[in-house]
Amino acid sequence: MDIVEKRIRISGVDPLSLLGINDSNLQIISDRFDANIIVRGDNITIKGEEDETARVEKVFKELIYVLDKTGVLRPDDVVTVVELVSGEGEAAVASETGTSTQGDNRDVVVLSARNDLIKPKTPGQRQFVRAVRKNDVVFAVGPAGTGKTYLAVAMAAAALRNKEAQKIVLTRPAVEAGESLGFLPGDLKEKVIPYLRPLYDALDDMLPQDKLKLYVEKNVIEIAPLAYMRGRTLSNAFVILDEAQNASAMQMKMFLTRLGVNSKAIITGDITQIDLPQKSLSGLVEIQKVLKGVEGISFVYLEKTDVVRHKLVKDIIDAYEKYNSWDGKD
């Protein structure tokens, strides 16, 4: 195989933090990969066979990403990233491509701001992540605590970071305000923040605060109530409709027909928590029949066994199921 050379600029990065005291971090990487690594000034030059060089490049880019977000790079962090990229960990880092490199590597989504790998923890969540990778429209239906929203935002953040999408659009039905937000104080963003708080919280976990603020200011990350999607075409975007059980059938059709070229959509919801008036049909309920079998669209059903919150959440879901099915003959 031919020898290739790749160069990484590290201007703006503290070399001591990245390379370690006495180049200890660099030594960890050099010991694991069969490539020549030369550091001169603001440049890291990697020479070796193409596959090996690409892996080393990925390691450095991941470490720079972690350092940029957390400000700290520990030897354990370096070892973890090296093992993941080399395929020896339980999953590889989805950095530049956001796709699989070996085995279950496709299950890793992004690195969080707390330097944790965000990845599916249950079979249902793994099915969800794989469905998003394979399809342009994915519906994730399941009870509270199954990670629907969090994983959806993680996938969107990964797509934005990997330049697979130019923007993220977050939307949610503002049922509590009757989709009439004019009487609330503040601008549009301030009006809808309470309804989109779970999405904000997830993004805050995955992006540095200054970068998140910049993205929102520049409309790279856009927030809007579902009613404001009408008449738009969303191209080159990763779109998330959260709490979709509270979208009417008409709103669901409106939302799905907004998708433009090179866009993905994730629709999440819990059909056991519908807040619509009793006579209104939930668009999330109807759409499962309308789009059944359509190629490029996937429905993933998460169960209480996929709950990853406090262990009592599963017990609470069980209790409600028993209560709702009780016939009064106890």
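Refer to the structure above for everything that follows.
Sequence order sets the numbering: in each chain, residues are counted from 1 along the sequence as written. Only residues with pLDDT of 70 or above have their local features reported here, since the model is predicted, and side-chain atom pairs are shown and tallied only from 80 upward, although totals for entire chains, interfaces and linings are computed over all residues. Side-chain figures throughout are based on the complete set of non-hydrogen atoms in the structure, without hydrogens or water.

## Overview of the overall build of the protein chain
Our working rule: Numbering of helices and strands runs from the N terminus, with a helix taken as a DSSP run of H or I at least four residues long and a strand as a DSSP run of E at least two residues long. Each residue gets one of three labels from its accessible area relative to the maximum for its type: buried under 20%, exposed over 50%, partly exposed in between, using a 1.4 Å probe on protein chains only. Residues count as neighbours in contact if any of their non-hydrogen atoms are within 4.5 Å of one another. Computed with the Shrake-Rupley method and a 1.4 Å probe, the accessible areas treat only the protein chains shown as cover for residues.
Broken down by element type, the protein chain carries eleven helices and eleven strands. Considering the protein chain as a whole, with its 330 residues, one finds that 48% of them fall into the buried category. Taking as baseline every contact in the protein chain between residues at least 6 positions apart, the subset at least 24 positions apart corresponds to 71%. For the protein chain, the exposed surface amounts to about 17,100 Å²; the carbon and sulfur share of it is 49%.

## Quick look at the sheet that holds strand β10 (residues 264-269)
Note the following rule: Only strands joined by at least two bridges in the DSSP assignment are considered to pair. Note on method: axes are straight lines fitted to C-alpha atoms, helices fitted across the in-contact stretch only, with angles between N-to-C directions ranging 0 to 180 degrees.
Taking strand neighbours across the sheet as the criterion, the six strands line up as β8-β7-β9-β10-β6-β11 in an open arrangement whose pairing is parallel. Edge strands, defined here as strands with exactly one partner in the open sheet, are β8 (221-225) and β11 (297-301). With strand direction ignored, the average angle separating the axes of adjacent strands in the sheet is 15°. With five bridges connecting them, strand β6 (residues 137-141) and β10 associate as parallel partners. From the neighbouring strand, valine 137 faces β10, where its bridge partner is alanine 265. Sheet strands touched by helix α9 (residues 249-256): β6, β7 (167-172), β9 (237-241) and β10. Its angle to β10, the strand with the most contacts, is close to 155°.

## Points about the side chain of glutamine 245
Stated precisely, the cut-off is as follows: Residues adjacent in sequence count toward polar contacts only when both atoms are side-chain atoms; beyond that, a polar contact is any pair of N or O atoms within 3.5 Å, and within protein one must be able to donate a hydrogen and the other to accept it.
Looking at the element boundaries, glutamine 245 is found in the loop between β9 and α9. One polar contact links glutamine 245 to glutamate 243, side chain to side chain, over a distance of 2.5 Å. Apart from the residues within four sequence positions on either side, glutamine 245 is in contact with Thr268, Gly269, Asp270, Ile271, Gln273, Ile274, Leu276, Ser282 and Leu284.

## Notes on a negative patch on the surface
For clarity, the threshold we go by: Residues qualify for a patch when their relative accessible area is over 30% and they have no salt bridge, like charges being joined within 9 Å and the nonpolar side chains of Val, Leu, Ile, Met, Phe, Trp and Tyr within 5 Å. Any Lys or Arg side-chain nitrogen found within 4 Å of a carboxyl oxygen on Asp or Glu counts as a salt bridge. Two residue types count as positive, namely Lys and Arg, and two as negative, namely Asp and Glu; His and chain ends fall outside the count. Taken as the charge centre is NZ of Lys, CZ of Arg, CG of Asp or CD of Glu, depending on the residue.
A cluster of like negative charges, contributed by Asp2, Asp34, Glu49, Glu50 and Asp51, occupies part of the molecular surface. Take glutamate 49: it is sitting in strand β3 (residues 43-49).

## Considerations on unusual backbone geometry
Although it is not a glycine, asparagine 22 sits at a positive phi angle of roughly 55°. Since its relative accessible area comes to 75%, asparagine 22 is described here as exposed. You will see that asparagine 219, though not glycine, has its phi angle at about 65°, which is positive. Residue placement: asparagine 219 occurs in the loop between α8 (209-217) and β8.

## With respect to the pattern of salt bridges
Tallied over the entire structure, the rule returns ten salt bridges. Across the pair lysine 47 and glutamate 5 runs a salt bridge, and its minimum N-O distance is 3.6 Å. Residue lysine 47 is located in strand β3, and its partner glutamate 5 is located in strand β1 (residues 3-9); the two are separated by 42 residues in the primary sequence. Residue class for lysine 47 comes out partly exposed when judged on its relative accessible area of 35%. The shortest N-O distance in the salt bridge between aspartate 136 and lysine 264 comes to 4.0 Å. On the criterion of sequence distance, the pair formed by aspartate 136 in the loop between α5 (123-134) and β6 and lysine 264 in strand β10 is long-range, its members being 128 residues apart. One salt-bridge network, in which partners are shared between bridges, spans Glu5, Arg7 and Lys47.

## Digging into the packing of helix α2 (residues 24-32) against helix α4 (residues 75-85)
We count it as follows: Note that the term roughly parallel is reserved for angles under 35 degrees, roughly antiparallel for angles over 145, roughly perpendicular for angles of 65 to 115, and oblique for everything else. Each crossing gets its handedness from the near helix: less than a right angle anticlockwise from the far helix is left-handed, clockwise is right-handed. Gly counts as polar in this scheme, as do all residues outside two lists: the nonpolar Ala, Val, Leu, Ile, Met, Phe, Trp, Tyr, Cys and Pro, and the charged Asp, Glu, Lys and Arg.
It is at 10 Å that the axes of α2 and α4 come closest, and there the two elements cross at 25°. In this view, α2 runs roughly parallel relative to α4, as classed from their interaxial angle. Of the two possible hands of crossing, α2 and α4 adopt the one that is right-handed. Along the contact surface, α2 presents Asn25, Ile28, Ile29 and Arg32, while α4 presents Pro75, Val78, Val79, Val82 and Glu83. Of the residues in the contact of α2 with α4, the class split is six nonpolar, one polar and two charged.

Just geometry here; none of it tells us what the structure is for.
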